[in-house]
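# Chain and residue survey
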Amino acid sequence: MAEVVIVPDRAAAGALIAEEIAALIARRPDAVLGLATGSTPLPVYEALRSRLAGVDVSRVRAFALDEYVGLDPAHPESYRSVIAREVVEPLGLDPDRIRVPDGTLDGIEHHGEDYEAAIAAAGGVDLQILGIGTDGHIGFNEPGSSFASRTRVKTLTRQTRADNARFFPSIDDVPRHCITQGLGTILDARHLVLLAFGERKAAAVAGAVEGAVTASLPGSAIQLHPHVTVVIDEPAASRLAHADYYREAFAGKPEWQGL
Ligand code: F6R
C-alpha cells in the first residue's frame, strides 16, 4: 500500500520531499531523479533551492516524464524549457546530465526507444516525482494506457488540454500529442512520490490510492509498486475513506523508517 502523508499545505509537501531528495543525493551523489512538470512539483523545486544550497549536485542526473510533440523546444512552455527554468538553472544542475523526451517531429518514431535506452543506461530512476491529472493520468498516460507501456507518443484528452490551457493563449494552442514515459517505465523507478493539491484532484487521488487497479485510472498503477509516498493537502485528501488511518500511521511512524 502507498504511504499517504496529509500535509497542511504545499510548502510542507515541498519541504518534506526536498529533505528526502537531499538525503538521497547525500547517499548517492550521482542519484537519478525523475522530474514532473506542471504546477504540482513546484513547491518541491522551490524548497530544493535552499535545501541544496552548498551541496555538490554536479553529478546528479535526471529524466523528465514527458514533453509535448511538435512544440518548438525553445517555446517557453515546452517541458524542456520548463525543466531548464524551474529545476536545472535554479538548482545549478549540469544540463548535460538532464534529459527530457524529444518531442521534435523529425525521427519521433525512435525517440521513445532512445529515451528508454538512456534511462536504462543510467541504471534506472531512484526517485520519481509525479503529479496526477484530474482525469487520473500520471505522466501523460491518459485513461486506457497499458500498465506495461513504455515511452511513446500519446494523444492528450480534451480534459488535459483544457487543464493545461492556462499555460497557453487558448486551448487551441495546447498541443494534441505528447511523448511520455509509459506506466511500465514509471513503475520501474525505485521510489515513487506522488503529490496532489486542491479539491480538483480529490477524485483522482481517491481513485489512485483506494480505487480499483484499472487502466481507466492510470494513477491506480501506483498500487502495484512496493515503495510509494503520496503527499497531499487536506482538500486533495477529502475523498479518501481511510484518511484518519493514514494520519495515525504517519504520526506513529518510527523515524528510522524514513519515507
Ligand atoms: C507533467 C505530468 C502530468 C502532471 C499532471 C498534473 O510532467 O506528467 O502528469 O503532473 O497533468 O498537472 P498539474 O501539476 O499542473 O496539476
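Structure first, text after, so check above.
If you're wondering where the values come from, they're calculated on a predicted model, not measured in any experiment.

## Quick word on the packing of helix H1 (residues 10-27) against helix H2 (residues 42-51)
In the contact formed by H1 and H2, the axes pass within 7 Å of each other and the chain directions differ by 55 degrees. For the element pair H1 / H2, the angle class is oblique. Here H1 runs over H2; the crossing is right-handed. Contacts between H1 and H2 pair Arg 10, Gly 14, Ala 15, Ile 17, Ala 18, Glu 19, Ile 21 and Ala 22 from the former with Pro 43, Val 44, Ala 47, Leu 48 and Arg 51 from the latter. Looking at the contact of H1 with H2 residue by residue, the classes come out as nine nonpolar, one polar and three charged.

## Focus on the sheet that holds strand E4 (residues 66-68)
In space, the three strands of this open sheet follow the order E4-E8-E7, with antiparallel pairing throughout. Because the sheet does not close on itself, it has two edges, and the strands there are E4 and strand E7 (152-155). Taken pair by pair, the neighbouring strands of this sheet meet at an average axis angle of 30 degrees, ignoring direction. As defined by bridge partners, E4 adjoins strand E8 (residues 177-180) across three bridges and the pair is classed as antiparallel. Across the sheet, Tyr 68 pairs through a bridge with Cys 178, a residue of E8.

## A word on the site of the ligand
Taken together, 14 residues lie around the ligand, and Thr 37, Thr 40, Asp 66, His 137 and Gly 139 are the ones closest in. Between the ligand and Thr 37 there is a distance of 2.7 Å, counted from an oxygen atom to a side-chain nitrogen or oxygen. Gly 139 places a main-chain nitrogen or oxygen 2.6 Å from an oxygen atom of the ligand. Alone, the ligand offers 410 Å² of accessible surface; in the complex the protein occludes 94% of this. Cavity membership is defined here by more than half of the atoms lying within 2 Å of grid points; on that basis the ligand lies in the largest pocket. The class makeup of the residues in the shell around the ligand is three nonpolar, eight polar and three charged.

## As for the packing of aromatic side chains
Scanning the entire structure with this criterion turns up six aromatic pairs. Taking 5.6 Å as the distance between ring centres and 80 degrees as the angle between the ring planes, the aromatic pair formed by Phe 63 and Tyr 115 counts as edge-to-face. Here Phe 63, found in strand E3 (residues 61-64), pairs with Tyr 115, found in helix H4 (residues 108-121); they are 52 residues apart in sequence, far enough to count as distant. Here Phe 63 matches Tyr 115 in class, with each residue buried. Between the aromatic rings of Tyr 68 and Tyr 79, the centroid separation amounts to 4.8 Å while the plane-to-plane angle is 45 degrees, which identifies the pairing as tilted. On the criterion of sequence distance, the pair formed by Tyr 68 in strand E4 and Tyr 79 in helix H3 (residues 79-91) is long-range, its members being eleven residues apart. In this structure, Tyr 68 and Tyr 79 share a single accessibility class: buried. One aromatic cluster is present, formed by Tyr 68, Tyr 79, Phe 140 and Phe 168 through successive ring pairs.

## So, the packing of H2 against H3
Axes are the key here: two packed helices are described by the angle between their axes and the distance separating the axes. Running from amino to carboxyl end, H2 crosses H3 at an angle of 15 degrees, the nearest separation of the two axes being 10 Å. Our classification of the angle between H2 and H3 gives roughly parallel. The handedness of the crossing between H2 and H3 is left-handed. Touching Leu 42, Tyr 45, Leu 48 and Arg 49 of H2 are Glu 86, Val 87, Pro 90 and Leu 91, all from H3. A class-by-class count of the residues in the contact of H2 with H3 yields six nonpolar, no polar and two charged.

About the criteria used
- Residues numbered from 1 in each chain as written.
- Predicted model: local features only at pLDDT ≥ 70, side-chain atom pairs only at ≥ 80, totals over all residues.
- Heavy atoms only, no water.
- Axes fitted to C-alpha atoms, helices over the stretch in contact; angles between N-to-C directions.
- Helix = DSSP H or I, 4+ residues; strand = E, 2+ residues; numbered from the N terminus.
- Parallel < 35°, antiparallel > 145°, perpendicular 65-115°, else oblique.
- Left-handed = near helix turned anticlockwise from the far one by under 90°.
- Contact = heavy atoms within 4.5 Å.
- Nonpolar A, V, L, I, M, F, W, Y, C, P; charged D, E, K, R; others polar.
- Pairing = 2+ DSSP bridges.
- Near = heavy atom within 4 Å.
- Polar contact = N/O pair within 3.5 Å; in protein donor to acceptor, adjacent residues only side chain to side chain.
- Areas by Shrake-Rupley, 256 points an atom, 1.4 Å probe, with all protein chains shown as cover.
- 1 Å grid on protein atoms, 1.4 Å probe; cavity = no way out; pocket = protein on both sides within 12 Å on 5 of 7 lines; lining within 4 Å.
- Sits in = over half its atoms within 2 Å of the grid points.
- Phe/Tyr/Trp six-rings, centres within 6.5 Å; stacked < 30°, edge-to-face > 60°.
- Buried < 20%, exposed > 50% of the residue type's maximum accessible area, 1.4 Å probe, protein only.

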